[in-house]
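Given next are the chains, with one letter for each unit.
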Amino acid sequence: MSLPLLIVVDDEPDLAGFVCTVAEQVGFDIEQFNSAALFKDQYTSADVIVLDLMMPGVDGVEVIRFLAGSGCDAQLILVSGFDPAVLHSAQKLAIEQGLNVAGSLSKPFRYDDLHQLLSGLSITPKSPSRRTSIESPPVDELREALVNSELLLYYQPKVGLNGCFIAAFEALVRWQHPAHGLLSPDLFIPTAEQHGLINDLTWVVLEQAIMQCCSWRDQGLTVQIAVNMSASTLKELDLPEKIGGLLERHGLEPSQIILEVTETALMQELITSLDILTRLRMKGFHLSIDDFGTGYSSLVQLHRVPFSEIKVDRSFVMAMDHDPEAAAIVETVILLGHKLNMKIVAEGVETDSCRETLARLGCDQAQGYLFARPMPADEAFQWFSQHKTANPPP
Ligand code: C2E
Ligand code: MG
Ligand code: MG
């Protein structure tokens, strides 16, 4: 069986030679390039690439762009003599571009650091048939799905960190597609947005979520429901009255409903969305700013819109365990949100240590696979029944 291939791209021959020696000891076949331009000309594939960021002529950031453009699936190790912040930014850039970053090393680094990093890599054999992802179904099928009730809701709990009670369930739409099975929203929400179907979809979701909330209430489960709102729904000026009417027909209070809005949604039709959101808040609905930190002009939105809750984006939360800058951002959002009398919810909590850090920082609620994945309504009910003992009296 052939050995996995590791390529070193570094203009310093001594350092490149050192990396090659260690890589051979760990069990790699090695190839060495002292010029990034030559590497770009000759690269076809590799299992691991050790890349120096600072090289004369073509620099490491250009190589990152090149690798992303050529669909490189090798594990990338970045090396730099710059200060750690530059290495960190380059690492983020590579991840953003879809590259598989296995680690980084600041020059000068020790034998042990490199040996440990290389021996810890898990190399999977390359197979050409790895990409089996489903493409978005065509818009006509989505139109039919809306009429044929193929859209259904999964529910994921938001859990209180101080005392661990169940604060709410977020309703997350799924499409039970007759041919492709259960599809996630990323595969059809963009189609709905582009073809003017998103308002119909939002109303289907709102009605289902409200009916579910009533059904649970009748079975003794009183819990808030969060629903995601799209930008174009925030252009309907009569939205507050329409949702208000829907709730009245079902005997529910607006305070039972949390409407989650992303920052990007708010950037469109500024005045109309502000008008609608202010009236929703005045009626007693809770408003949550979703995926906070990833959109445009976050602080302006916090100042302008009467939000009651901030959901810190999972890209920061998931990085907290190993990235002190991400942890500093989460900590700052918690302090800021509390100053503004808002609740803070952390999305994407997957580990105990992340939950512990969030609790220590005073974060109010968390949502993530550590507690439960999104699940069908009956499973959510069972989950609640098993965990409700921790809930405070209503
Ligand atoms: P979102 O509102 O930010 O929802 C949270 C997403 O994060 C969900 O993905 C959830 O499954 C996922 N998630 C939760 N915990 C974890 C975790 O610990 N780790 C990881 N890696 N992921 C976690 P989902 O259900 O695929 O939804 C994706 C997005 O689709 C939602 O992001 C929301 O923006 C949109 N969406 C979902 N339902 C609706 C809807 O009814 N209407 C609209 N307009 N958008 C919706
Ligand atoms: Mg959401
Ligand atoms: Mg979110």
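Preceding this paragraph is the structure being described.
Residues numbered from 1 in each chain as written. Chains lettered and ligands numbered in written order. Predicted model: local features only at pLDDT ≥ 70, side-chain atom pairs only at ≥ 80, totals over all residues. Heavy atoms only, no water.

**Focus on the overall build of the protein chain**
Right, so step 1: Of regular secondary structure, the protein chain possesses 16 helices and 15 strands.
Right, so step 2: Taken along its principal axes, the extent of the C-alpha atoms in the protein chain is 75 × 50 × 45 Å.
Right, so step 3: Out of the 394 residues in the protein chain, the part that is buried amounts to 46%.
Right, so step 4: Split by element, the accessible area of the protein chain, about 19500 Å² in all, is 53% carbon and sulfur.
Right, so step 5: Counting 27 positive and 52 negative side-chain charges, the protein chain places the centres of these two groups 7 Å from one another. (Helix = DSSP H or I, 4+ residues; strand = E, 2+ residues; numbered from the N terminus. Buried < 20%, exposed > 50% of the residue type's maximum accessible area, 1.4 Å probe, protein only. Areas by Shrake-Rupley, 256 points an atom, 1.4 Å probe, with all protein chains shown as cover. Lys, Arg positive; Asp, Glu negative; His and termini not counted. Charge placed at Lys NZ, Arg CZ, Asp CG, Glu CD.)

**Some thoughts on the pattern of salt bridges**
Right, so step 1: Following the criterion strictly, the structure yields 15 salt bridges and no others.
Right, so step 2: In this structure, D140 engages R143 in a salt bridge whose closest nitrogen and oxygen atoms are separated by 3.1 Å. Pair noted here: D140 and R143 are both in helix α6 (residues 139–147), with a separation of 3 residues, about one helical turn.
Right, so step 3: Note on D140: relative accessible area 47%, which makes it partly exposed.
Right, so step 4: The salt bridge partner of E260 is K158, with a shortest N-O separation of 3.1 Å. Of this pair, E260 sits in strand β10 (residues 257–262) while K158 sits in strand β6 (residues 151–160); the two residues are 102 residues apart in sequence, bridging distant segments of the chain. Each member of the pair E260 and K158 is classed as buried.
Right, so step 5: Connected through salt bridges with shared partners, the residues K158, E170, E260, E309 and K311 form a single ionic network. (Salt bridge = Lys/Arg side-chain N within 4 Å of Asp/Glu carboxyl O.)

**Quick word on the packing of helix α8 (residues 198–218) against helix α9 (residues 239–250)**
Right, so step 1: Here α8 crosses α9 at 30°, and the two axes come no closer than 10 Å. In terms of axis orientation, α8 runs roughly parallel to α9. Note on packing geometry: the crossing formed by α8 with α9 is right-handed. Contacts from W203, L206, E207, I210, M211, C214 and R217 of α8 reach α9 at L239, K242, I243, L246, L247 and H250.
Right, so step 2: A class-by-class count of the residues in the contact of α8 with α9 yields 9 nonpolar, 1 polar and 3 charged. (Axes fitted to C-alpha atoms, helices over the stretch in contact; angles between N-to-C directions. Parallel < 35°, antiparallel > 145°, perpendicular 65-115°, else oblique. Left-handed = near helix turned anticlockwise from the far one by under 90°. Contact = heavy atoms within 4.5 Å. Nonpolar A, V, L, I, M, F, W, Y, C, P; charged D, E, K, R; others polar.)

**Remarks on the coordination of the magnesium ion (ligand 3)**
Right, so step 1: Of the protein atoms, only D290 (OD), D291 (OD) and E347 (OE) coordinate the magnesium ion (ligand 3), at distances of 1.8 to 2.3 Å.
Right, so step 2: Every donor residue of the magnesium ion (ligand 3) comes from the same chain, spaced as D-D-x55-E.
Right, so step 3: The metal-metal distance between the magnesium ion (ligand 3) and the magnesium ion (ligand 2) is 4.1 Å, with D290 serving as a donor to both.
Right, so step 4: Classification of D291 as partly exposed rests on a relative accessible area of 24%. (Donors = N, O, S within 2.8 Å, 3.2 Å for Na, K, Ca; no water.)

**Topic: the sheet that holds strand β5 (residues 100–106)**
Right, so step 1: Judged by pairing direction, the sheet is parallel, and its 5 strands sit side by side in the order β2-β1-β3-β4-β5 without closing on themselves. Where the open sheet ends on each side, the last strands, each with one partner, are β2 (29–33) and β5. Between one strand axis and the next, the sheet turns through 15° on average, direction left out of account.
Right, so step 2: Pairing between strand β4 (residues 75–80) and β5: 6 bridges, direction parallel. Bridge assignment links L76 to a residue of β5, and that residue is V101.
Right, so step 3: Across the sheet, helix α1 (residues 13–26) is in contact with β1 (5–9), β2, β3 (48–52) and β4; its angle to β2 comes to roughly 170°. (Pairing = 2+ DSSP bridges.)

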